[in-house]
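# Report on the structure
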Amino acid sequence: MTTPLVSIVIPCYKGERYLAAAIESCLRQTVSDLEVLVVDDRSPDRSAEIAESFARRDPRVRLLRRETN
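Only a predicted model underlies this, so the values are computations on that prediction, with no experimental measurement involved.

### Some remarks on the overall build of the chain
Counting its secondary structure elements, the chain contains 2 helices and 3 strands. When the helices and strands of the chain are read in sequence order from the N terminus, they spell out β-α-β-α-β. Here the chain has a C-alpha radius of gyration of 12 Å; the compact-globule value for 69 residues is 11 Å, and the two agree. The dimensions of the chain, computed from C-alpha atoms along their principal axes, are 30 × 20 × 20 Å. The buried share of the chain, reckoned over its 69 residues, is 32%. Of the contacts made within the chain by residues no fewer than 6 positions apart, 76% connect residues no fewer than 24 positions apart. Here the chain has roughly 4,700 Å² of accessible surface; of this, 50% comes from carbon and sulfur atoms.

Here is the structure:
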């Protein structure tokens, strides 16, 4: 796997309301050689589930989940 030209980091805690729109916005950028890293700070909401859903569909999206907040 080659290193992407652009890395977008989305820090997330209780971001369920906006996370899907944020990821979709990143994936719509004109630069296609990118990765989207969602860093979940142990959110109690569905943030991790949303990020995992995108990661299953698009290999450019990855979820990094912190063990503790």
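More follows now that the structure is in view.
### Topic: the packing of aromatic side chains
Counting across every chain of the model gives 0 aromatic pairs. We note R57 situated over the ring of F54; from NZ or CZ to the ring centre the distance is 4.5 Å.

### Looking at the sheet that holds strand β3 (residues 61-65)
What the 3 strands build is an open sheet, ordered β1-β2-β3; its pairing is parallel. Each end of this open sheet is capped by a strand with a single partner; those strands are β1 (6-12) and β3. Neighbour to neighbour, the strand axes of the sheet diverge by 20° on average, direction disregarded. Pairing geometry for β1 and strand β2 (residues 34-40), over 7 bridges, is parallel.

### Structural notes on the pairing of β2
Counting buried residues in β2 gives 6 out of 7 residues, a clear majority hidden from the surface. Taking the sense of rotation as the criterion, the β-α-β connection linking β1, helix α1 (residues 16-27) and β2 turns out right-handed. In this sheet, β3 lies alongside β2 in parallel orientation, the contact comprising 5 bridges. Among the inter-strand pairings, D40 is bridged to a residue of β3, identified as R65. In the classification by handedness, the crossover that spans β2, the intervening helix α2 (residues 47-57) and the parallel β3 is right-handed.

Parameters at a glance
Residues numbered from 1 in each chain as written. Predicted model: local features only at pLDDT ≥ 70, side-chain atom pairs only at ≥ 80, totals over all residues. Heavy atoms only, no water. Helix = DSSP H or I, 4+ residues; strand = E, 2+ residues; numbered from the N terminus. Rg over C-alpha atoms; globule rule 2.2 N^0.38 Å. Buried < 20%, exposed > 50% of the residue type's maximum accessible area, 1.4 Å probe, protein only. Contact = heavy atoms within 4.5 Å. Areas by Shrake-Rupley, 256 points an atom, 1.4 Å probe, with all protein chains shown as cover. Phe/Tyr/Trp six-rings, centres within 6.5 Å; stacked < 30°, edge-to-face > 60°. Lys NZ or Arg CZ within 6 Å of the ring centre and 35° of its normal. Pairing = 2+ DSSP bridges. Axes fitted to C-alpha atoms, helices over the stretch in contact; angles between N-to-C directions. Right-handed = clockwise from strand over helix to strand, strands pointing away.

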